[in-house]
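Next come the chains, spelled out residue by residue.
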Amino acid sequence: MKKEKVIESCYSQLRKVTPLDFDCGKICDGKCCKGDEKTGMIIFPGEEKFIDESMKIFKNKDGDTVAVCNGSCDRNKRPLSCRIYPLFPLLTTSEGKDRVKVIFDCRADCPIVEEGYEINRRFEKAVRRVGKYLLLNNETKECYKELSQLQEDYLKLLEKFS
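What counts and what doesn't
- Residues numbered from 1 in each chain as written.
- Predicted model: local features only at pLDDT ≥ 70, side-chain atom pairs only at ≥ 80, totals over all residues.
- Heavy atoms only, no water.
- Helix = DSSP H or I, 4+ residues; strand = E, 2+ residues; numbered from the N terminus.
- Expected span 1.5 Å × (residues − 1).
- Buried < 20%, exposed > 50% of the residue type's maximum accessible area, 1.4 Å probe, protein only.
- Polar contact = N/O pair within 3.5 Å; in protein donor to acceptor, adjacent residues only side chain to side chain.
- pLDDT = per-residue confidence, 0-100.
- Salt bridge = Lys/Arg side-chain N within 4 Å of Asp/Glu carboxyl O.
- Pairing = 2+ DSSP bridges.
- Patch = residues over 30% accessible without salt bridge, like charges linked within 9 Å, V, L, I, M, F, W, Y side chains within 5 Å.
- Areas by Shrake-Rupley, 256 points an atom, 1.4 Å probe, with all protein chains shown as cover.
- Lys, Arg positive; Asp, Glu negative; His and termini not counted.
- Charge placed at Lys NZ, Arg CZ, Asp CG, Glu CD.
- Axes fitted to C-alpha atoms, helices over the stretch in contact; angles between N-to-C directions.
- Parallel < 35°, antiparallel > 145°, perpendicular 65-115°, else oblique.
- Contact = heavy atoms within 4.5 Å.
- Phe/Tyr/Trp six-rings, centres within 6.5 Å; stacked < 30°, edge-to-face > 60°.
- Lys NZ or Arg CZ within 6 Å of the ring centre and 35° of its normal.

Caption draft 1: Structural context of helix α6 (residues 138-160). The end-to-end C-alpha distance of α6, which contains 23 residues, comes to 33 Å, matching closely the 33 Å that a straight helix rising 1.5 Å per residue would cover. Within the span of α6, buried status applies to Thr140, Cys143, Tyr144, Leu147, Ser148 and Gln151.

Caption draft 2: A look at helix α5 (residues 121-134). Taking 1.5 Å of rise per residue, the 14 residues of α5 would be expected to cover 20 Å, and the 20 Å separating its terminal C-alpha atoms lies within 8% of that figure. Regarding α5, its N-cap is Asn120, as a side-chain oxygen of that residue lies 2.8 Å from the backbone nitrogen of Arg122 further along.

Caption draft 3: The arrangement of the confidence of the model for the protein in detail. Counting all residues, the mean pLDDT for the protein is 90, and 99% of those residues have values of 70 or more. At the low end of the mean pLDDT range in the protein sits helix α2 (residues 25-28), at 84; at the high end sits α5, at 98.

Caption draft 4: A look at the pattern of salt bridges. Counted according to the given criterion, the structure contains seven salt bridges. Where Asp98 meets Lys141, a salt bridge forms, and the shortest distance between an N and an O atom there is 3.4 Å. One end of the pair, Asp98, is in strand β5 (residues 97-104); the other, Lys141, is in helix α6, and 43 residues separate them in sequence. A residue is classified by how much of its surface remains accessible, and Asp98, at 34% relative accessible area, is partly exposed. Owing to a relative accessible area of 23%, Lys141 belongs among the partly exposed residues under this scheme.

Caption draft 5: Examining the pairing of strand β2 (residues 56-59) more closely. Relative to strand β3 (residues 65-68), β2 is paired through four bridges, and the arrangement is antiparallel. For Phe58, the partnering residue across the bridge sits in β3 and is Val66. The loop that links β2 with its antiparallel partner β3 comprises five residues; one of these, Gly63, has a positive phi angle of about 90 degrees.

Caption draft 6: A positive patch on the surface, seen in detail. Taken together, the side chains of Lys97, Arg99, Arg128 and Lys132 define a basic patch exposed on the protein surface. Looking at the positive patch, the elements that each hand over two or more residues are β5 and α5. Considering the arrangement of structural elements, one finds Arg99 in strand β5.

Caption draft 7: Representation of the packing of helix α1 (residues 3-14) against α5. Viewed as axis vectors pointing N to C, α1 and α5 meet at an angle of 170 degrees, and their least axial separation amounts to 9 Å. By the angle between their axes, α1 is roughly antiparallel relative to α5. Across the interface between the two elements, Val6, Ser9, Cys10, Gln13 and Leu14 of α1 pack against Phe123, Ala126, Val127, Arg129, Val130, Tyr133 and Leu134 of α5.

Caption draft 8: Highlighting the packing of aromatic side chains. One pass over the structure, following the stated rule, counts two aromatic pairs. Consider the rings of Tyr11 and Phe50, whose centres lie 5.8 Å apart with planes at 75 degrees: the pair is edge-to-face. Separated by 39 residues along the polypeptide, Tyr11 in helix α1 and Phe50 in the loop between β1 (41-42) and β2 bring together distant segments of the chain. Take Tyr11 and Phe50: they sit in the same class, and that class is buried. Consider the rings of Phe88 and Tyr144, whose centres lie 6.1 Å apart with planes at 55 degrees: the pair is tilted. With a gap of 56 residues between them, Phe88 in strand β4 (residues 87-94) and Tyr144 in helix α6 connect regions that are remote in the sequence. Both residues of the pair, Phe88 and Tyr144, count as buried. The ring of Phe58 is capped by Lys56, whose NZ or CZ atom sits 5.5 Å from the centre of that ring. Sitting above the plane of the Tyr11 ring, Arg83 keeps its charged end 3.5 Å from the centroid.

Written out as structure tokens, the structure is:
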């Protein structure tokens with residue numbers, strides 16, 4: 001499947017679901033929508049053309065393509081990373097088979113995670129399906145594998161300090 005089709009399929013899975021049944025930005029005053037040069041949401045391959053024109057897109061210090069928002073955007077033109085936040089569909093391999101397990105993004109600085117809000121089950125299932133869609137294109141799969149490895153590395157590091 002072409003990478004742009006994969007991205008469109010991911011977007012459609014998340015079109016009508018959100019982490020909570022209310023605007024979670026009201027909890028933290030939209031903290032996740034306020035980035036700077038050191039932060040940003042990773043852009044998946046093929047996603048650039050779908051992103052809101054008001055967002056600044058650049059390469060971060062790690063070489064990832066990221067988008068930074070000015071605090072508001074067209075919700076239909078948000079990056080996939082914004083749409084799945086604060087969850088992450090972790091890709092693991094077991095017995096030679098790819099598996100997708102939804103976790104809280106280790107990099108998330110979000111009151112939903114910190115204060116133990118219950119995530120909407122429909123949202124969680126949609127994030128899992130997104131992980132499966134990302135496997136349908138070699139470029140999106142490679143990016144997804146790298147991000148999953150990053151999550152695994154963070155988890156191992158957190159365990160050492162726990």
